[in-house]
Amino acid sequence: MRPGKLCGLAVVVALGATACGGSGGGGVGTDKAASGAGFPVKVADCKGSLTFSSAPRKIVTSNAAALEMLLRLGAGDRVIGTGFPPGKGTLPGALDRAAQKVPVLGKSVIPKEKLLGSGADLYVDTFASMDAMGGTGDAPTEEEYAAAGIKHLHLTSTACASTAGKAQEDLSAVEKDIRRLGAVTGTGKWADALVAGMRAKVGAVHKAVGDLAPGKRPTYFFFDYDAGTKQPVAVCRKQVANAVIGQAGARNIFDGCDGDFKPVSWEDVVAKNPDWIQLGVRDRGSAAANAKAFDEAAAFLKTFPATKDLAAVRNGRFLRIGSERTTIAGVGNADTVDEIAHTVHADRFKAARK
């Protein structure tokens, strides 16, 4: 998508492109957006529309994925707090150093009183209806956000996935979230660059595996270890993970279920007999802690009576990829597409290099 040409009122809707105007920032943690350029900006998400007369200056993010988007957009200096913070070393280089300086308002969901009293003028909400990922709890009402002077913007590809009218089969909804944030922060040029980078990475995967018919694609189970082992939770067709898996040339074994997440049974998983299993572990705060959690998830599948005899388990066909960059919108979704594809289609990539 190209940036819009309306500079008096740059309109960005859920199906639209970004505004013109913003300078695009100057890199991680650098804020060079001109507060008046390209504004006012009107954006729409699944909950309604918001108008920004100028770029927000005090932003709170619900989690690490939203924080990373803003850092990559060059709006890091404006983030005054976050929930679900990234563990040290989770992000590369300068991104990690900038992320570690952001005040943590909640190790998980930000408490209502702390969010409303943060002094923010924008809250970027990744969760909303995502009950399995932290959308529950005593969240502020829209009236309370307004009374506190906080505009409430949703990342629609995840926060609104359950109410979407169709399945997520590509990363276009994630791209729109990035462009929408670029519009409201005046960093549209950086948003365009991020989207272009994602498309290039996914495009390279398509060259290697894009010609595979659905019936020829390896089947894939996203095992959300942290959602509990007594009853597994499936990622369904409207969840962004369904798009990530499909873009990587695999087939989500639960692409037939509607909505975003759904409790299933271990009998359902066994009946699907997936070719590959992703050990979906949420960030524990360090590489060592994450490795331990991946080991625990694999050990469970190897010893649990219902799963220990699955071919994928016996053959160790596990992928150790964090939950967040699979199930939550972010630039990292394209990285996950690449990693899954290189694992489940290793032979195709080897052939392409010859």
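In this text the structure is predicted, and so the values were computed from the model without any measurement.

## Details of the sheet that holds strand S11 (residues 251–252)
By definition, the strands of a sheet pair up through backbone hydrogen bonds, in either a parallel or an antiparallel sense. Ordered by their spatial adjacency, four strands build an open sheet running S11-S9-S13-S14, and the pairing between neighbours is parallel. The open sheet has two edge strands with one neighbour each: S11 and strand S14 (318–319). By the bridge criterion, two bridges tie strand S9 (residues 219–224) to S11 in an arrangement that is parallel. Residue pairing in the sheet places Thr219 in a bridge with Arg251 of S11. Seen against the sheet, helix H10 (residues 287–303) touches S9, strand S13 (276–280) and S14 and runs at an angle of roughly 135° to S13. Running at roughly 145° to S13, helix H13 (residues 332–344) makes contact with S9, S13 and S14 of the sheet.

## Details of the confidence of the model for the protein
Low pLDDT marks stretches whose predicted atomic positions should not be read closely. In the predicted model, the protein carries a mean pLDDT of 87, and the fraction of residues at 70 or more is 86%. Counting contacts from residues 131–136, a segment whose pLDDT is below 50, to residues more than four positions away or on other chains yields 15 contacts.

## A short note on the packing of helix H1 (residues 64–72) against helix H2 (residues 93–100)
Between H1 and H2, the least distance of the axes is 10 Å, while the angle of their chain directions is 120°. Of the two elements, H1 crosses H2, and the hand of that crossing is right-handed. Facing H1, whose interface residues are Leu67, Leu71 and Arg72, H2 presents Leu95, Ala98 and Ala99. Its residues assigned to classes, the contact of H1 with H2 comprises five nonpolar, no polar and one charged.

## Topic: the pattern of salt bridges
Under the defined criterion, the tally for this structure stands at 14 salt bridges. The salt bridge partner of Arg72 is Glu68, with a shortest N-O separation of 2.8 Å. Here Glu68 and Arg72 lie together in helix H1, a separation of four residues that amounts to about one turn. Under the relative-accessibility criterion, Glu68 is labelled buried at 14%. Taking the shortest distance from any N to any O, the salt bridge between Lys308 and Asp309 comes out at 3.7 Å. Of the residues examined, Lys308 reaches a relative accessible area of 35% and is grouped as partly exposed.

## Focus on the state of the cysteines
By definition, a disulfide links the sulfur atoms of two cysteines through a covalent bond. Overall, the coordinates contain two disulfides when judged by the stated rule. With its sulfur 1.7 Å from that of its partner, Cys46 forms a disulfide with Cys160. A torsion of -55° about the S-S bond marks the disulfide between Cys46 and Cys160 as left-handed. Taken together, the positions of Cys46 in the loop between strand S2 (41–45) and strand S3 (48–52) and Cys160 in the loop between helix H5 (156–159) and helix H6 (172–185) put the pair 114 residues apart, joining distant regions of the chain. The partly exposed category is assigned to Cys46, whose relative accessible area is 38%. Residue Cys236 pairs covalently with Cys257 via a disulfide, S to S 1.9 Å. A torsion of -105° about the S-S bond marks the disulfide between Cys236 and Cys257 as left-handed. One end of the pair, Cys236, is in the loop between strand S10 (233–235) and helix H8 (240–247); the other, Cys257, is in the loop between S11 and strand S12 (261–263), with 21 residues separating them in the sequence. Among the residues examined, Cys257 registers a relative accessible area of 10% and is labelled buried. When the bonded cysteines of the protein are numbered from the N-terminus onward, they pair as 1-2, 3-4.

Calculation criteria
- Residues numbered from 1 in each chain as written.
- Predicted model: local features only at pLDDT ≥ 70, side-chain atom pairs only at ≥ 80, totals over all residues.
- Heavy atoms only, no water.
- Pairing = 2+ DSSP bridges.
- Helix = DSSP H or I, 4+ residues; strand = E, 2+ residues; numbered from the N terminus.
- Contact = heavy atoms within 4.5 Å.
- Axes fitted to C-alpha atoms, helices over the stretch in contact; angles between N-to-C directions.
- pLDDT = per-residue confidence, 0-100.
- Left-handed = near helix turned anticlockwise from the far one by under 90°.
- Nonpolar A, V, L, I, M, F, W, Y, C, P; charged D, E, K, R; others polar.
- Salt bridge = Lys/Arg side-chain N within 4 Å of Asp/Glu carboxyl O.
- Buried < 20%, exposed > 50% of the residue type's maximum accessible area, 1.4 Å probe, protein only.
- Disulfide = S-S within 2.5 Å.

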